[in-house]
Each structure stands twice: as C-alpha cells, then as structure tokens.
Amino acid sequence: MIRSVGIISKPRPDEAGKVVPQLLKWLEDHGLEVFCDPETVTCVTSATAVAAGAKGGEPTGCLPAANRILPREQLPGQVDLLIVLGGDGTLLAAARLTEGSVPILPVNLGGLGFLTSVTLEELYPILEQVLEGRHRISERVLLEAEVLREGKVVERQRALNDAVLNKGTLARMIDVDLHIDRTYVCRYRADGLIISTPTGSTAYSLAAGGPIVYPLVEAFLITPICPHMLTNRPLVIPNTSEIEVEFQAGEEPVYLTLDGQVGVELRYGDRVAARKAGTKLRLVRPQRKTYFEILRNKLKWGER
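What counts and what doesn't
- Residues numbered from 1 in each chain as written.
- Predicted model: local features only at pLDDT ≥ 70, side-chain atom pairs only at ≥ 80, totals over all residues.
- Heavy atoms only, no water.
- Helix = DSSP H or I, 4+ residues; strand = E, 2+ residues; numbered from the N terminus.
- Contact = heavy atoms within 4.5 Å.
- Salt bridge = Lys/Arg side-chain N within 4 Å of Asp/Glu carboxyl O.
- Buried < 20%, exposed > 50% of the residue type's maximum accessible area, 1.4 Å probe, protein only.
- Pairing = 2+ DSSP bridges.
- Axes fitted to C-alpha atoms, helices over the stretch in contact; angles between N-to-C directions.

Draft legend 1. Representation of the side chain of T223. In this structure, T223 sits in strand β11 (residues 219-225). Look past the residues within four positions of T223 in its chain and what remains in contact with it is G192, L193, I194, S205, A208, G210 and P234.

Draft legend 2. Structural view of unusual backbone geometry. For D181, which is not glycine, the phi torsion reads 50 degrees and is therefore positive. Summarising the element assignment, D181 is placed in the loop between β8 (174-180) and β9 (183-190). Of note, the phi angle at C226 is positive, near 50 degrees, even though the residue is not glycine. By the element assignment, C226 lies in the loop between β11 and β12 (235-238).

Draft legend 3. View of the pattern of salt bridges. By the definition in use, this model includes 16 salt bridges. For R72, the salt bridge goes to D37, with nearest N and O atoms at 2.5 Å. A residue pair is termed long-range when its members are at least 10 positions apart, and R72 in the loop between α2 (38-55) and β3 (81-86) and D37 in the loop between β2 (33-36) and α2 qualify at 35 residues. Across this residue pair, the class does not change: R72 and D37 are buried. Residue E144 is joined to R275 by a salt bridge in which the shortest nitrogen-to-oxygen separation is 3.6 Å. Of the two residues, E144 sits in strand β5 (residues 136-149) while R275 sits in strand β16 (residues 271-285), which places them 131 residues apart along the sequence. Overlapping salt bridges bring together E144, E146, R156, R158, E242 and R275 as one network.

Draft legend 4. Here's a closer look at the sheet that holds strand β10 (residues 192-196). Read from one edge of the open sheet, six strands run β12-β11-β10-β7-β14-β15, paired in antiparallel fashion. Of all strands in the sheet, those with a lone pairing partner are β12 and β15 (262-266), marking the two edges. The sheet shows a mean angle of 20 degrees between the axes of neighbouring strands, taken without regard to direction. Pairing of strand β7 (residues 162-167) with strand β14 (residues 254-258), which is carried by five bridges, proceeds in the antiparallel orientation. Bridging across to β14, K167 finds its partner in V254.

Structure below.
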C-alpha cells in the first residue's frame, strides 16, 4: 500500500514550478505523506516568486513541511513510491539512488524521454491506478561495475543503461582485453567499449551500432566504439556472466563512465569487473503502452 511519496524533479523552475505544486496538492488531498528534495523545493520557490513578482503580489504555492524536505539520497528510504519529473538523465540519476528499493514513476518533462515515457496527461490517471493497486511494474536489470586496483575494489557503482570505457582524447584508440567468466574472448582496438543492459541497448550502444534488445531479455551487450577491425561486432551474452576488462598501457588517460553521469579515471593495471546487480529497478509503466509503441513514437523505429 502506498502511504508516502517522494518527488525528484529536473532542476528547471519553469517546468517544475508548474507541475510540482499541483502534484503536491493532489497527493496530500489523497491522504499521502509527501517528501521532496531541496532542488525541487528551490525550483518551485523560484517559479512562484517570479510569478508573484509579475503580478505584484506575494509568492504562493504548495510546498512540503520543512521536515519532509530531504536530500535525494535519503528519499528512497522514506517513501513507498518515487515520482521522477524530468528526462531520461533525471531517471538515470534516481535509479542509482534507489537501486530497486522503491518503485519509480518516471514522468517526462524533457525532450526525447524514451525511459520517462509517462506524459503529464497520463500522470494522474496512473497515480489513480497506483493507489488502487492496478498499476503495471516493469523490472529492469541493473549493471554493477567495479574498479579493481592491486586486487582491491576502489570504486563500485550501479548503472541502469551502461558502463563505458573510453579514452580521454579524440586522437588515439585504446587496446582492451575482454574476459567472460574468466575465459579470454578477444582484444578490441577501438575508441572504447560499452557494456550495456537491455534497457541501455537504445542508448549509447545503439548509436555505436549495437542491436535493440527487449528490456526483459536476460542478456548483456558488449559493443565496441568505432573498432579498428571490421570483424569486431557487438556481442550478446547471458546476464549471468562475469565480465572483466583490462586495458593496455598508453599515454592517454582511460575513463570508466556509468550512465554518462559518473566518471572514474583508470590507472594502468586497473581492471573493470561487471555483473548483474543483486536487485532490479522497478518502473511504473502505462497499462496499455507497449515497448514497441515507444520505439515507434520516440525513435521513429520502423519508419522509412
């Protein structure tokens, strides 16, 4: 049963300021305890102040009580549902916070919004379904990546889309050795290497020539970025596999990037290990909107 709801929004006052006050009131009118992060509150406050200044009045608007304003990383532990207002980037950041601990309702306030496929028009009907227990949940595999240095884990992160090894400049390629389940696979000479979940198959991996993989397929994708050899094609493997990557020494730095948002500079001798995380992300999805419909509408897939 949903008793408390958290709200995270993209830090844009012109968008959050229009949506959040009405959403707060709707949730509280339905007897729910509502929490927000400080960034969301700041956006709403700024938007209402601008609106009040234009009208020559005092700022007004629905805001949560001070004890219900929490840092983003604390929200998942306090609520039964997390509403994410923004684009795919906002959702990717929220996904790393929750790590599957609480379902997320992603609402698109951005441009493409492939993962945040719920529109503002669909928001309140879906919330009604959630409160009545009639909503649909899509579980997505998370990727866990570690950086091992001298046999010790120095960095551990989770990603919804992908983990990417890439070079620091445009001038040189890197040499990357790939092992799967402790078995040597091959050496890639390329601009980089993408380890992707099925959810991330429509992100960087797709741009690099990888396949579209249905989100519920239990697989990982390994896609080289601009490989030197034409025979280096994307590889699809079971998501039960243990993936290990080593890179060869070079003059240029090499980075590990998670979901395009978290970056770690690697040293020579570091190894990157990737595997399926122990928990899955739970996304609230529209009842009748299929994955293929989203592909057609958002990516213009199948059109001439």
